[in-house]
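Residue-level structure breakdown
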Amino acid sequence: MSVAKGFAVVCILASILVLSGSIISDESIAEDSIFENVVIDGDFYYVLEDGYLTLLNYTGSDHEVHIPSTVVKDDITYPVYGVHLSSFQNGESVFIPDTILGVDEAAWCNIGYIEVDENNLLYESEGGVMYTKDMTSVVRYPCNTGDNYYYAPLSVRSIEPGAFAQCSDLEEVFFISLISIGENAFMNDSNLKYVNYMNGVNNIPNGTVIVDDYAFMGCTSLENISFPESLRIIGSSAFEDCIGFTELKITEGLMSISDSAFNGCKNIVRFTADNLKFFADDGVLFHRSSSDSTSNFTLYHYPAGSSREKYTIPSTVSDLEAYAFNSTQHLKELKLSTSLTSLPELSVVDCPSLEKVTLSANILSIDTMALCRCDNLQEIEWNSKISIIGDLALFATGFKELVIPDSVEIIGYGAFLACKNLERVTLPEGLELLQESAFSVCNSLKEIEFTGTTAMLEGNSLSVNEGQEVDVLIPKGMTLSDDASTEGTILNIIVKGERPYPYENFIGVAICILVLIGIMRLFREV
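A short tour of the structure in this document, coming up. (Residues numbered from 1 in each chain as written. Predicted model: local features only at pLDDT ≥ 70, side-chain atom pairs only at ≥ 80, totals over all residues. Heavy atoms only, no water.)

Further remarks concern the sheet that holds strand β35 (residues 365-366). Strand order in the open sheet formed by 6 strands is β32-β35-β38-β40-β42-β44, and the pairing between neighbours is parallel. Lying at the two open borders of the sheet, with one neighbouring strand each, are β32 (342-343) and β44 (456-457). Of the strand pairs in this sheet, strand β42 (residues 433-434) and β44 are connected by 2 bridges, and their pairing is parallel. Across the sheet, L433 pairs through a bridge with M456, a residue of β44. (Pairing = 2+ DSSP bridges. Helix = DSSP H or I, 4+ residues; strand = E, 2+ residues; numbered from the N terminus.)

What follows is about the pairing of strand β9 (residues 113-116). Burial along β9 is one-sided: I114 and V116 are buried, and none of Y113 and E115, which face the opposite way, are. Bridging between strand β7 (residues 93-96) and β9 involves 4 bridges; their strand directions are parallel. Bridging across to β9, I96 finds its partner in V116. (Buried < 20%, exposed > 50% of the residue type's maximum accessible area, 1.4 Å probe, protein only.)

What follows deals with the side chain of N263. Among the structural elements, N263 can be located in the loop between β23 (256-257) and β24 (270-273). Residues in contact with N263, not counting those within four places in the same chain, are F239, E240, D241, H301, Y323 and N326. (Contact = heavy atoms within 4.5 Å.)

Looking now at the packing of aromatic side chains. One pass over the full model with this rule turns up 26 aromatic pairs. Taking the centre distance of 4.9 Å and the plane angle of 15° together, the rings of F164 and F186 count as stacked. Taken together, the residues span a long stretch of sequence, with F164 in the loop between β14 (158-159) and β15 (172-174) and F186 in the loop between β16 (180-181) and β17 (194-195) at a distance of 22 residues. The residues F164 and F186 share a single accessibility class, namely buried. Joined through ring pairs, the aromatic side chains of Y141, Y150, F164, F175, F186, F216, F227, F239, F245, F262 and F271 make up one cluster. (Phe/Tyr/Trp six-rings, centres within 6.5 Å; stacked < 30°, edge-to-face > 60°.)

Let's shift gears to the nonpolar core. Formed by 62 residues in total, the largest nonpolar core has its most connected members in L299, F325, F416 and F439. Among the elements of the structure, β26 (284-287), β27 (297-301), β29 (317-320), β41 (424-427), β43 (447-450) and β45 (469-474) are those that each provide at least two residues to this core. Of the residues forming this core, the biggest block, 3 residues, is contributed by β45. Apart from the residues within four sequence positions on either side, L299 is in contact with V284, L285, F286, Y311, I313, V317, D319, L320, E321, A324 and F325. Judged by nonpolar contacts, the second largest core, of 49 residues, contains A152, I225, F239 and C265. (Core = buried A, V, L, I, M, F, W, Y, C linked by side-chain atoms within 4.5 Å.)

Turning our eyes to something else, we now look at the sheet that holds β17. Taken together, 3 strands build an open sheet; the order of strands is β13-β15-β17 and the sheet is parallel. The open sheet terminates on both sides in strands that have one partner only, identified here as β13 (149-151) and β17.

Applying the stated criterion across every chain yields a total of 1 cavity of 30 Å³ or more. In this model, the largest cavity occupies a volume close to 60 Å³. Here the lining of the largest cavity is composed, by residue class, of 7 nonpolar, 3 polar and 2 charged. (1 Å grid on protein atoms, 1.4 Å probe; cavity = no way out; pocket = protein on both sides within 12 Å on 5 of 7 lines; lining within 4 Å. Points joined across faces, edges and corners; volume = space filled by probe spheres on them. Nonpolar A, V, L, I, M, F, W, Y, C, P; charged D, E, K, R; others polar.)

On to a nonpolar patch on the surface, then. The grouping of L101, L121 and L122 at the surface amounts to a nonpolar patch, some 280 Å² of accessible area in total. Note that L122 resides in the loop between β9 and β10 (123-126). (Patch = residues over 30% accessible without salt bridge, like charges linked within 9 Å, V, L, I, M, F, W, Y side chains within 5 Å. Areas by Shrake-Rupley, 256 points an atom, 1.4 Å probe, with all protein chains shown as cover. Salt bridge = Lys/Arg side-chain N within 4 Å of Asp/Glu carboxyl O.)

A word on the environment of L248. Of note, L248 is situated in strand β22 (residues 247-250). Given the relative accessible area of 2%, L248 is considered buried. The contact partners of L248, leaving out residues within four places of it in the chain, are I225, F227, F262, I268, R270, F271 and T272.

Moving on, we come to a negative patch on the surface. A contiguous patch of negative charge, built from D43, D62, E64 and E115, is present on the exposed surface. Assignment of secondary structure puts E115 in strand β9. (Lys, Arg positive; Asp, Glu negative; His and termini not counted. Charge placed at Lys NZ, Arg CZ, Asp CG, Glu CD.)

The final tally for this structure, using the stated rule, is 1 disulfide. Between the sulfur of C143 and that of C167 lies a disulfide, 2.0 Å long from S to S. Classification of the bridge connecting C143 and C167 rests on its S-S torsion, roughly -60°, and on that basis the disulfide is left-handed. On the criterion of sequence distance, the pair formed by C143 in the loop between β12 (137-140) and β13 and C167 in the loop between β14 and β15 is long-range, its members being 24 residues apart. The pair C143 / C167 is uniform in exposure class, with both members buried. C242 provides the cysteine sulfur closest to C219, a residue in no disulfide bond, and the two sulfurs are 5.3 Å apart. Of the cysteine sulfurs around C374, a residue in no disulfide, the closest is that of C351, at 4.6 Å. (Disulfide = S-S within 2.5 Å.)

Geometric values such as these leave the question of function open.
Below, the structure is given as C-alpha cells:
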C-alpha cells in the first residue's frame, strides 16, 4: 500500500479518536480490536500502517509541541510520515518534522502556530502558516493565531481543502495570484467579512478558475461578492448559507454551477446573467442547453429573497435543477411549467412560506424528495395524469388532509413521512403499490381510507408511531396483510358498509325523528 493510500485509511481512526475525547487510556485502546495497530508514545497516539506511523491524537498540555520524526517500538524504529492536525485543540504551536509527507484536512483544528522543519521535502512554513514547499499553495492556516486577517504571499496560486476552515476569528483575507479555492477552504468561517475587498466590494480574486465544493459554506458574515471573468466552475454548496448575499452576477466565463451552490442564501433577491450557458429573467437564474436554444431551459435557481408571493415557471422550462427552489422566504404559490413531465428530485426544498403547488397537465410524477420540508404546504392542485408519488416526495410538509387522485398507481417509500399535521388520507381507487413507511411519524394521523381493492401493501406501509391508533377504512373484498403494520401502530380496520359511519348514524336518527313526528300527527288527528 502506498503512503498516500495508507494515510487516507487511517483518517477514520483519527476521527474516532478525536471525537471520542482527547484522553484515551492504554487499557481502552487495548480492549478494542479496531485500535490494535495504535502505538502510544507518551502523549502521542499513532497508528502503524505498512511500516510507518501517522499521528492520530495528542493528549498533552504543552503549549509548544514538537512532533517526533521517529518512534521506537519493540526495538524497531518507525518513521512518522503523517499527522492529523485535528489532534491539536488548545492553540498549541506545532513543529512539523522533516519526515512528514501528508497532513489531514483539519477542518476543526485549533493550532496557534505551525513551523515546518527546513529539511522537509514537501512543506514549508512562513509566519506560522503551512505551505507547500514551493510556496504556491496554502496547506493549513493556524486558526488560533490571534490575528483576524491573512494576506497571501504573491507566490500562492491555490488553497488546499480545509486550509482556513472553522477559523472563527478570521475576518479578512487577500490573495493576489490565486487560481483555485479548494473544498471546504473557508467553511464555517462565520466572521469572515472581507475577501479581496476593494472599493466597497468583495471579490473572488482575479485569475481564479474554480471555487470548489463547500468553499465558503457557512460564511454568514460575508456580503455580496463579485466573480471574475476567469471563473469557470462553482462547486456544490460552495456558498451555502451565505445569508449576506442579496444580488449575484454570473460572469461571462462561468460555465458550470453545481446544484446547491447557493442553498440557504435566503436573502438573494435577484440573479443577473447572460452568457453562453446561463441567463437571468426577472431575477431568476436559468441554464441553456445550447447557446442558440430558445426553449428546453433548466430553471437553475430561484432567488430565495424575492418578494414575490406567486410564481409561474415559464413554458420554455423543461427541467428544474436540484434545489432550484430552496429557502424561499415569501413565495406562497408555485405553478409548474407546461413543459415539465415531472417534478424532479430535490427541486423544491425547505421553502417555509410555500402554501400551494399547481401541477401542470403533463406532470406524471413527483420524484424523490421533490417537494419536501415545506412545512406550510397545505394544498396541491392535482392533474389527471399523475401516476407516481416517489420516495419521500412530500416528506415533512404541512398537509392536514390529502385526497390522492385516482390516476396515482404508486406511492413510494416514506412518501408522507413526518407530515406531522396530516389527519386524514384518501387513497386512490387505482392504487397498485403502497410502499414501506409511507405514513411514518405522521403524529396527527387518524384515518386512512382505501377506495380500491387491488393495492399491494409492503410491510409496514401503514406503520405510523408505536401506540398510535389509526382508523383504516377498506372496501368490501379488500384484506390487509398482517405485516402492514408491525411497529406498534394500532390499526382499527373498518370495512365500509358493514359498520355505520357517523353520517349514516345521522341519517338514521333523522329518519327516526321524521317517523316519530308522523306518528304523533296521526294520534292528534285521531
